[in-house]
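# Examination of the molecular architecture
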Amino acid sequence: MSMILSASVIRVRDGLPLSASTDYEQSTGMQECRKYFKMLSRKLAQLPDRCTLKTGHYNINFISSLGVSYMMLCTENYPNVLAFSFLDELQKEFITTYNMMKTNTAVRPYCFIEFDNFIQRTKQRYNNPRSLSTKINLSDMQTEIKLRPPYQISMCELGSANGVTSAFSVDCKGAGKISSAHQRLEPATLSGIVGFILSLLCGALNLIRGFHAIESLLQSDGDDFNYIIAFFLGTAACLYQCYLLVYYTGWRNVKSFLTFGLICLCNMYLYELRNLWQLFFHVTVGAF
């Protein structure tokens, strides 16, 4: 029988449980899933905003928004569209009922336990799909899932629980390095798009000046060869900044700062060939 078994509301930054349904079964499979709930809670900040974890006969689905994650456990044959529509309904009600200040300042677990009443009512409705009246919303959710399917979490990404490595992760040693490639970045904002375009522009300007420096060197030996290297290094740094903005990579923040440092060094070396406004533009774009 396909059904929703339980649901929880969890704060993303530290995994603090804010509310949860209280009807866990005591079967071995359910107890195992409780461990996965805790393991996922500790990794929410590192995961995309919509995910699925398949654990044998059960699936754990969750969505995250505004620093809060909504997690549910269901049987493996429960429809995806109903699962994420259920989570979306929990999210809308929780955001309406509690403001961000309350969720951010909460210090004890399950301090919004009264929200369990809404979870129970909604769970009963979704366990009887014929009673659902949200046909249009389900259609919208189906389209959204097709366009942006949930990220499938592998057991390897969970690591170990309470210091004990799971049987799945033993078979997946070394796969953790691969899984990081599937991390998703947040959608680009307007400032991100502007930064991407300006960084491409700076890279193009450095490239053009580099070719001019090569021509000048061949014709009159007037330019230092090190200037050419500085121009092309600046181009590479600008393009790598664009890459870091678009694709996920490990040590992303460190690489960003090192790339910005390289841009500053190149512009310091090119001080004699650029005026202050040009230097200011290149360094500011790199920092932005």
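Keep in mind that this is a model prediction, so the values were computed, not measured.

Ordered by their spatial adjacency, 6 strands build an open sheet running 2-1-5-4-3-6, and the pairing between neighbours is mixed. Because the sheet does not close on itself, it has two edges, and the strands there are strand 2 (17–20) and strand 6 (151–153). Strand after strand, the sheet turns through a mean of 20° between neighbouring axes, direction not considered. In this structure, strand 3 (residues 50–55) lies alongside strand 4 (residues 58–65), joined through 6 bridges in antiparallel fashion. Opposite Leu53, over in strand 4, you have Ile60 as the bridge partner. Each of strand 1 (4–11), strand 2, strand 3, strand 4 and strand 5 (68–75) is contacted by helix 2 (residues 80–97), which is oriented at about 40° to strand 4, the strand it contacts most. Along the sheet, helix 4 (residues 116–126) contacts strand 1 and strand 2; its crossing angle with strand 1, the most-contacted strand, is approximately 145°.

Overall, the coordinates contain 13 aromatic pairs when judged by the stated rule. Cluster of aromatic residues (ring-pair linked, three or more members): Tyr70, Phe94, Tyr98, Phe112, Phe115 and Phe118. Note that Arg50 overlies the ring of Phe84, its terminal NZ or CZ placed 5.8 Å from the centroid.

In low-pLDDT regions, the fine details of the predicted coordinates are not to be read closely. When the pLDDT values of the protein are averaged, the result is 81; 82% of them are 70 or greater. Ignoring residues within four places in sequence, the model shows residues 160–182, a span with pLDDT below 50, making 17 contacts including any to other chains.

So, how was this worked out
- Residues numbered from 1 in each chain as written.
- Predicted model: local features only at pLDDT ≥ 70, side-chain atom pairs only at ≥ 80, totals over all residues.
- Heavy atoms only, no water.
- Pairing = 2+ DSSP bridges.
- Helix = DSSP H or I, 4+ residues; strand = E, 2+ residues; numbered from the N terminus.
- Axes fitted to C-alpha atoms, helices over the stretch in contact; angles between N-to-C directions.
- Contact = heavy atoms within 4.5 Å.
- Phe/Tyr/Trp six-rings, centres within 6.5 Å; stacked < 30°, edge-to-face > 60°.
- Lys NZ or Arg CZ within 6 Å of the ring centre and 35° of its normal.
- pLDDT = per-residue confidence, 0-100.

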